[in-house]
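Here are the chains, one letter per residue:
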Amino acid sequence: MKTLLRIIALCSLLSVASCSNEDAAPYSNGYYLLLDTSGTYTQELEQAKQVIHYLLAMLEPGDAFAVARIDSASFSEKDIVAKMVLDSRPSRAIMQKKDFAAVVDNFIGGVQSSPYTDISGGMLQGVEYLNEARVGNKTILIYSDLQEDLPKDYVREVEWLLDGFTVKALNVTKLRRDNQNPQVYLDRVADWQSKVIQGGGHWHLINDLEKPDALL
Amino acid sequence: MPELLNNSFNSWSSFLLIFSCAMIVLYLARHSAHGAILGLSNALHSMLRVCSKSLSLAGKRLQERNREVLLNVGREHTEREIEKEFYEVSKFVQKDLGDFPEMQREIQSQIQNIQEAYEGAKSVASESPGWLEAIESVSKIKDSNAQVNHKVLEQIKTTAEKQHKENLRALREDSAQRHKMLRSMQPFWRKLSHTIEQGGRRFKDIIERSEKIDTHMQRYEEIQAGTDGALRYLKLSAMTQFLISTLVIAIAAGGAFFNFHLIALPMSEMVGSVQRVGGVKVSDLAALVIICLEMCAGIFLLESLRITKLFPLIGAMDDRKRRTVMILSAVVLLTLACTESALAFMRDQIANEISALRASLAGSLDSGIEQESSLNHWIPLAANMILGFILPLALTMIAIPLEYLLQSGRTVLGSLIELVANTIAMTLRMSGNLVRHAGKILVNIYDLLIAGPIWLEAVIQNRLASSRENSSESDWLENTLSGGTASVNKSSRGKKS
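Residues numbered from 1 in each chain as written. Chains lettered and ligands numbered in written order. Predicted model: local features only at pLDDT ≥ 70, side-chain atom pairs only at ≥ 80, totals over all residues. Heavy atoms only, no water.

Novice: Please provide a residue-by-residue account of the overall build of chain B, values included.
Specialist: For chain B, the count of helices and strands is 13 helices and two strands. Here chain B, with 497 residues, has 24% of them falling under the buried criterion. At a minimum sequence separation of 6, the contacts of chain B that also span at least 24 residues come to 83%. When the accessible surface of chain B is totalled, it reaches about 34200 Å², and 64% of it is carbon and sulfur. (Helix = DSSP H or I, 4+ residues; strand = E, 2+ residues; numbered from the N terminus. Buried < 20%, exposed > 50% of the residue type's maximum accessible area, 1.4 Å probe, protein only. Contact = heavy atoms within 4.5 Å. Areas by Shrake-Rupley, 256 points an atom, 1.4 Å probe, with all protein chains shown as cover.)

Quick look at the structure:
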């Protein structure tokens, strides 16, 4: 009888433990926002602040969020401006959001433009970060004109592994050359789209930031 | 054009050829096809009929069972009603009729007082005055002494008037005395009237209760006899109870949903909102568990108060244990209600922080608005806290409609299943008949397709039959003729012999 009771107790303990240890990751969201700091695009960063604030307002406990800059060599942890995984307690999460917003505001206020634009490096860094964060829905937001300009001897011919990722290009502004020949712009966007889709990810282009629902 | 005509001719000829061949094949397979169609339709008909019969039987068994359940529930309910009425009557007898002897003594003493007062108020007839006889004797005296008589009469008159005045005064005094005594009777009359009215009212109550008991007893007898009227009444009552209790439960579910949202957010502050069990946040589960615990405590409280009978064991406990369960349930309920109130307070704080964060992120933070919001902050906070305290207590009442729902739901569900079973049985029976008739119709259609060969067969058979008839007639004639010659031969042989 005692043995039976022990077995029942053990089974119930195991079942409770298995329930409580269920991985929360499939339900959480991860966002990695790349901010283009090259050339004249730095003028657009004020609008990026609103995007970040909107995302911060909508994030829930357990979600991961990082903001990184796109500069001459973006495949580096040093380019991550701010990152956080929101605490499970709402009050703590609110504090984290406030701190995060302050850091990002500081960064945008004093940003200096970089001579080159390494979007691919930033994306690779984003993939790495989100994979490590073990979140359910992985989204990379690229706030850039998508015009990549790598320094000499920098190679970004990598195999993209974007299975389970959603890449959203935000505020893809038209350059002067694009106005002269719109096909250049279309080709640039199509090139990035094919890269993402071939890597197994989903691609979205959002130029109208007045509809912030599309960001999530 | 000629090619087209040639093609159409070819197609028609090929169609006719195929049709003829098919007709011949169908004609040759006629008996087998008829057998197959009729066999299949009959088999399907039998199968559907068996299914229909078994469903009908199941429906009947269910009907019987429903009837028993309905009568049992009705019997229990009526027993409870009668028990309650008898308890009320017993309480009335103990409380109100217990002092009946006292009331009777009081009435008797009041009547005695009245009687004494009445006796005292009786008027005594005054004696006839003595001077009448004196007048009579004076009147008999002769006229010679008229002066003397006149004097005597004068004196008598004076005396009489004096006596009359005295008598009148005595009578007035006596009357005043009697009136005084009668006035003293008035409170006794009033008291007596009040006591009798009170008694009458009490008796009216007991008569009303006895009438109710009579009605319940009559219904109980009808239920015991299992009459159709009682069944109809119980079914209607069960349906009404089911609908009303469903409505109340739905309203309570709405309350529980609101309550859940009131405590889900602060629960995430306590247990975290990241971990999940079966896809549901642990904080949500914790909030649900708290609401369920409140409901359970409420059910136990009502059970221990003997308002509901979901757990007969609690109702059957001795009073001491039952009281313990009652106190425990009430304490748990109050604790949970206070906890919810505190959680509602916490929710308000978190919601304020979130809205402040959103406002600051949106860049619309204004000190004036902040001040105004802080002034109006107490109203929603107080409302949240009051609701957090009251909703758990209100949810305890769910036990009553729940009991009714379970009781009436059994009957209503049984009736629904019975209806469905009977409908399916009828549909199956109709389908079986339809299949059988469809088989017959198919056989006829089959025959219609091969009408030509059948007609030919009939013609050939007729001819064969007529030729057979002809040959049989000639045979008969031959036989008769040969029979005639044979008889003639026989008779001639007989004559010879």
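Novice: Describe the overall build of chain A, with residues and values.
Specialist: Helix and strand content of chain A: six helices and six strands. Ordering the α and β elements of chain A from the N terminus gives α-β-α-β-β-α-α-β-β-α-α-β. Within chain A, the fraction of its 216 residues that count as buried is 46%. Pairs at least 24 apart in sequence give 78% of the contacts found in chain A among residues at least 6 apart.

Novice: Residue-level account of the sheet that holds strand E1 (residues 29–36) of chain A, with values.
Specialist: Residue and element names in this part refer to chain A. With mixed pairing, six strands are arranged side by side in an open sheet as E3-E2-E1-E4-E5-E6. Among the strands making up the open sheet, the edge pair consists of strand E3 (80–85) and strand E6 (202–206). Neighbour-to-neighbour, the strand axes of the sheet open up by a mean angle of 15 degrees, direction not taken into account. Across seven bridges, the pairing between E1 and strand E4 (residues 137–143) is parallel. Looking at the pairing, Leu34 lines up with Ile142 of E4. Seen against the sheet, helix H3 (residues 90–109) touches E1, strand E2 (64–70) and E3 and runs at an angle of roughly 170 degrees to E3. Contacts from helix H6 (residues 182–198) reach strand E5 (165–170) and E6, with the element oriented near 150 degrees to E6. (Pairing = 2+ DSSP bridges. Axes fitted to C-alpha atoms, helices over the stretch in contact; angles between N-to-C directions.)

Novice: Break down the layout of surface pockets for me, citing the residues and quoting the values.
Specialist: Over the atoms rolls a probe the size of a water molecule, and its path tells where empty space is left. The volume enclosed by the largest pocket comes to roughly 670 Å³. Every residue lining the largest pocket is counted, 21 residues in all, and those nearest its centre are Arg80(B), Lys84(B), Arg306(B), Ile307(B) and Lys309(B). Elements supplying a minimum of two residues to the lining of the largest pocket: helix H2 (30–95), helix H8 (312–315) and helix H12 (399–449) of chain B. Ranked by residues supplied to the lining of the largest pocket, first place goes to H2(B) with eight residues. For the lining of the largest pocket, the residue count by class is eight nonpolar, four polar and nine charged. Here the second largest pocket is characterised by a volume of approximately 420 Å³. Contributing to the lining of the second largest pocket are 19 residues, with Glu60(A), Pro61(A), Pro90(A), Leu265(B) and Ile354(B) lying nearest its centre. Those elements that place two or more of their residues in the lining of the second largest pocket are helix H2 (45–58) and H3 of chain A together with helix H6 (228–271), helix H7 (282–304) and helix H9 (319–362) of chain B. Looking at the lining of the second largest pocket, the element that brings in the most residues is H3(A), giving four residues. Split by residue class, the lining of the second largest pocket holds eleven nonpolar, three polar and five charged. (1 Å grid on protein atoms, 1.4 Å probe; cavity = no way out; pocket = protein on both sides within 12 Å on 5 of 7 lines; lining within 4 Å. Points joined across faces, edges and corners; volume = space filled by probe spheres on them. Nonpolar A, V, L, I, M, F, W, Y, C, P; charged D, E, K, R; others polar.)

Novice: Describe in detail the interface of chain B and chain A, supporting the description with residues and values.
Specialist: The partner chain A presents 20 residues to the 18 residues of chain B that form the contact. The contact between chain B and chain A buries some 1700 Å² in all, and 61% of this surface belongs to carbon and sulfur atoms. Three residues, Arg276(B), Leu357(B) and Leu361(B), lead the burial of chain B against chain A; their summed loss comes to 35% of the area buried on that side. In this structure, the connection of chain B to chain A is made through one salt bridge. (Buried area = accessible area lost by both parts, 1.4 Å probe. Salt bridge = Lys/Arg side-chain N within 4 Å of Asp/Glu carboxyl O.)

Novice: Any details on the environment of Ser72(A)? Residues and values, ideally.
Specialist: All names here are of chain A. Inspection of the secondary structure assignment puts Ser72 in the loop between E2 and E3. Sequence-wise, Ser72 and Thr117 are 45 residues apart; in three dimensions their C-alpha atoms are separated by 5.1 Å. Beyond its immediate chain neighbours, meaning those up to four positions away, Ser72 contacts Ser114, Pro115, Tyr116, Asp118, Pro151 and Tyr154. One polar contact links the side chain of Ser72 to the main-chain amide nitrogen of Tyr116, over a distance of 3.4 Å. (Polar contact = N/O pair within 3.5 Å; in protein donor to acceptor, adjacent residues only side chain to side chain.)

Novice: Which residues make up the pairing of E2(A), and what are the values?
Specialist: Residues and elements named next belong to chain A. With six of seven residues buried, E2 lies mostly within the body of the structure. Each parallel crossover has a hand, and for E1 linked through H2 to E2 it is right-handed. Where E2 lies against E3, five bridges are found, and the strand directions are antiparallel. Following the sheet pairing, Ala68 is matched in E3 by Ile80. (Right-handed = clockwise from strand over helix to strand, strands pointing away.)

Novice: Kindly report on the packing of H6(B) against H7(B), identifying the contributing residues and their values.
Specialist: The axes of two packed helices give the description: the angle between them and the distance between them. Residues and elements named next belong to chain B. At a minimum axis distance of 7 Å, the contact between H6 and H7 shows a crossing angle of 130 degrees. By the criterion of interaxial angle, the relationship of H6 to H7 is oblique. Considering only the axes of H6 and H7, their crossing is right-handed. Of H7, the residues touching H6 (which contributes Ala256, Asn259, Phe260, Ile263, Ala264, Met267, Ser268 and Val271) are Val282, Ser283, Asp284, Ala286, Ala287, Leu288, Ile290, Ile291, Glu294 and Met295. When grouped by side-chain class, the residues that make up the contact of H6 with H7 number 13 nonpolar, three polar and two charged. (Parallel < 35°, antiparallel > 145°, perpendicular 65-115°, else oblique. Left-handed = near helix turned anticlockwise from the far one by under 90°.)

Novice: Lay out the packing of H3(A) against H9(B) with the relevant residues and their values.
Specialist: At a closest axis distance of 10 Å, the pairing of H3(A) and H9(B) adopts a crossing angle of 15 degrees. On the basis of their axis angle, the class for H3(A) and H9(B) is roughly parallel. Like other packed secondary-structure pairs, H3(A) and H9(B) cross with a definite hand, here left-handed. Seen from H3(A), the contacting residues are Pro90(A), Ser91(A), Ile94(A), Lys97(A), Lys98(A) and Ala101(A); seen from H9(B), they are Ile350(B), Glu353(B), Ile354(B), Leu357(B) and Leu361(B). Among the residues forming the contact of H3(A) with H9(B), the class breakdown is seven nonpolar, one polar and three charged.

Novice: Residue-level account of H6(A), with values.
Specialist: Residue and element names in this part refer to chain A. Compared with an ideal rise of 1.5 Å per residue, which puts 17 residues at 24 Å, H6 spans 24 Å between its outermost C-alpha atoms and is within 8% of the ideal. If you check which residues of H6 are buried, you get Tyr185, Arg188, Val189, Trp192 and Val196. Relative to the axis of H6, the buried residues are bounded by an arc of 90 degrees and lie together on one face. Backbone geometry just after H6 places Gly200 at a positive phi near 100 degrees. (Expected span 1.5 Å × (residues − 1). Arc of directions from axis to C-beta.)

Novice: A description of the nonpolar core should follow, citing residues and the corresponding values.
Specialist: Within the largest apolar cluster, 34 residues are counted, with the highest numbers of intra-cluster contacts made by Leu33(A), Leu35(A), Ile52(A), Phe65(A), Phe100(A), Tyr143(A) and Leu170(A). Contributions of two or more residues to this core are made by E1, H2, E2, E3, H3 and E4 of chain A together with H9 of chain B. The residues touching Phe65(A), leaving out its near neighbours within four places in the chain, are Tyr31(A), Leu33(A), Ile52(A), Leu55(A), Leu56(A), Leu59(A), Ala82(A), Lys83(A), Met84(A), Phe100(A) and Tyr129(A). If you look at the next biggest cluster of nonpolar residues, it comprises 27 residues, including Ile70(A), Ile119(A), Ile142(A) and Leu162(A). (Core = buried A, V, L, I, M, F, W, Y, C linked by side-chain atoms within 4.5 Å.)

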